[in-house]
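As a plain string of letters, each chain reads:
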Amino acid sequence: TLETHEALARMAMGSGEWSGAVAAAEAARRSFPDSWESANLLTTIYYHARDIARLEASLHAQLELDPSNVLTLEKLAVYYRECARHSEARTAIDRAIRLDAGNARLRYQSAMIHFAMGGFAAAEADFRTALLLEEVHLDSLNGLGLLLAEMSRPDEARATLLRVVE
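Structure report, in brief. Sequence order as written defines residue numbering, which begins from 1 separately in each chain. The model is predicted, so local features are restricted to residues of pLDDT at least 70 and side-chain atom pairs to those at 80 or more, both for listing and for counting; the totals for chains, interfaces and linings are taken over all residues. To obtain the side-chain values, all non-hydrogen atoms of the structure were used and water was disregarded.

Some thoughts on the overall build of the chain
- Numbering goes from the N terminus for both helices and strands, where a helix is a DSSP run of H or I of at least four residues and a strand is a run of E of at least two. A count of helical and extended segments in the chain gives 10 helices and zero strands.
- Reading the chain from its N end, one meets helices and strands in the order α-α-α-α-α-α-α-α-α-α.
- Overall, the chain is about 55 × 30 × 25 Å in size when its C-alpha atoms are taken along their principal axes.
- By definition in these notes, contact holds between two residues if any of their heavy atoms fall within 4.5 Å. Expressed as a percentage of contacts within the chain between residues at least 6 apart in sequence, the contacts between residues at least 24 apart total 45%.
- We treat Lys and Arg as the positive residues and Asp and Glu as the negative residues; His and chain ends play no part in the count. To locate a charge, take atom NZ for lysine, CZ for arginine, CG for aspartate or CD for glutamate. Here the chain carries 17 positive and 24 negative side-chain charges, and the mean point of each set is 3 Å from the other.

Encoded structure:
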């Protein structure tokens, strides 16, 4: 079953056996080629194994299976952001937000892309939107606190970050 392949892959990943994790995830993909879940498992393993060469292709294969999957679009946006491919990250996250505008995590990712691009006002707006959607979204609180510090607003930054530890 797919669940068995996933358990084997995660067990290998948990013990740092990346080649075993990749082998189990690739076996799942071969056994269930039309399954978004098997593609997601393989993508997750490639990400954690830092196999950048195969990660992007795997993300695109996932999108071929389900072009409207916001989790895949989010992962693609994060991948692009981490590669400093900000324009592509922006396109992927904007597409995800159009599909699920009320998702705080997507707004957080959008803010992080703006932050990476130096768009501090847009990043602040997205962090605040995420916090309107989910009042205690810890990633957004941390990100907003760091952004406010970067913007030389230390009192606001401190107050925001203290909300995380309260």
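Some details on unusual backbone geometry
- At arginine 50, a position not held by glycine, the phi torsion is positive, near 60°.
- Looking at the secondary structure, you find arginine 50 in the loop between helix 3 (36-49) and helix 4 (52-65).
- Relative accessibility under 20% of the residue-type maximum defines a buried residue, over 50% an exposed one, and the middle range a partly exposed one, all with a 1.4 Å probe and only protein chains included. Residue classification places arginine 50 among the partly exposed positions, given a relative accessible area of 48%.
- In the Ramachandran plot, serine 152 falls in the positive-phi region, its phi being about 60° despite a non-glycine side chain.
- Secondary-structure assignment places serine 152 in the loop between helix 9 (138-150) and helix 10 (154-165).
- Assessed through its relative accessible area of 60%, serine 152 is described here as exposed.

Looking at the environment of tyrosine 47
- The topology assignment puts tyrosine 47 in helix 3.
- Remark: the alpha-carbon pair of tyrosine 47 and aspartate 66, spanning 19 residues in sequence, is separated by 19 Å.
- Among all residues touching tyrosine 47, those that are not within four sequence positions of it are Leu55 and Glu82.
- A 3.5 Å cut-off defines polar contacts: any pair of N or O atoms within that distance qualifies, except that in protein one atom must be a possible hydrogen donor and the other a possible acceptor, and neighbouring residues in sequence count only when both atoms are side-chain atoms. A polar side-chain atom of tyrosine 47 sits 3.1 Å from a polar atom in the side chain of glutamate 82.

Concerning the packing of aromatic side chains
- Only centres within 6.5 Å qualify two rings of Phe, Tyr or Trp (six-membered ring in Trp) as a pair; their planes then separate them into stacked at under 30 degrees, edge-to-face at over 60, and tilted for everything else. For the structure on display, the rule yields three aromatic pairs.
- Where tyrosine 79 meets tyrosine 80, the ring centres are 5.6 Å apart and the plane angle is 50°; that geometry is what we call tilted. When sorted by exposure, tyrosine 79 lands in the same class as tyrosine 80, which is buried.
- When the ring of tyrosine 108 is compared with that of phenylalanine 127, the centres are 6.2 Å apart and the planes differ by 45°; the resulting orientation is tilted. Residue tyrosine 108 is found in helix 7 (residues 104-117), and its partner phenylalanine 127 is found in helix 8 (residues 120-133); the two are separated by 19 residues along the sequence.

With respect to the pattern of salt bridges
- Salt bridge, as applied in this entry: a Lys or Arg side-chain nitrogen positioned within 4 Å of an Asp or Glu carboxyl oxygen. A full pass over the atoms with the stated rule returns 14 salt bridges.
- The partner of aspartate 51 in a salt bridge is arginine 54, and the shortest N-O contact between them spans 2.8 Å.
- Taking the relative accessible area as the measure of exposure, aspartate 51 reaches 18% and is therefore buried.
- Of the charged contacts in the structure, one is a salt bridge between arginine 107 and aspartate 126, with a shortest N-O distance of 3.6 Å. Taken together, the residues span a long stretch of sequence, with arginine 107 in helix 7 and aspartate 126 in helix 8 at a distance of 19 residues. Summarising the burial analysis for this pair, arginine 107 and aspartate 126 share the class buried.
- Several salt bridges converge on common partners, so that one network encompasses Glu124, Arg128, Arg153 and Glu156.

Some words on the nonpolar core
- Side-chain atoms within 4.5 Å are what join buried Ala, Val, Leu, Ile, Met, Phe, Trp, Tyr and Cys residues into a set we call a nonpolar core. One finds Leu41, Ile45, Leu76, Tyr79, Ile93 and Leu106 to be the most contacted residues of the largest nonpolar core, which totals 29 residues.
- Taken together, the elements giving at least two residues each to this core come down to helix 1 (2-14), helix 2 (18-31), helix 3, helix 4, helix 5 (70-82), helix 6 (86-99) and helix 7.
- Counting residues per element, this core draws most heavily on helix 5, which supplies six residues.
- If we skip the residues at most four places from it in the chain, leucine 76 touches Leu59, His60, Leu63 and Ala92.
- Among the nonpolar cores identified, the runner-up in size contains 12 residues, and Tyr108, Leu141, Leu144 and Ala157 belong to it.

So, to be careful, I would describe these as geometric facts and stop short of saying anything about function.
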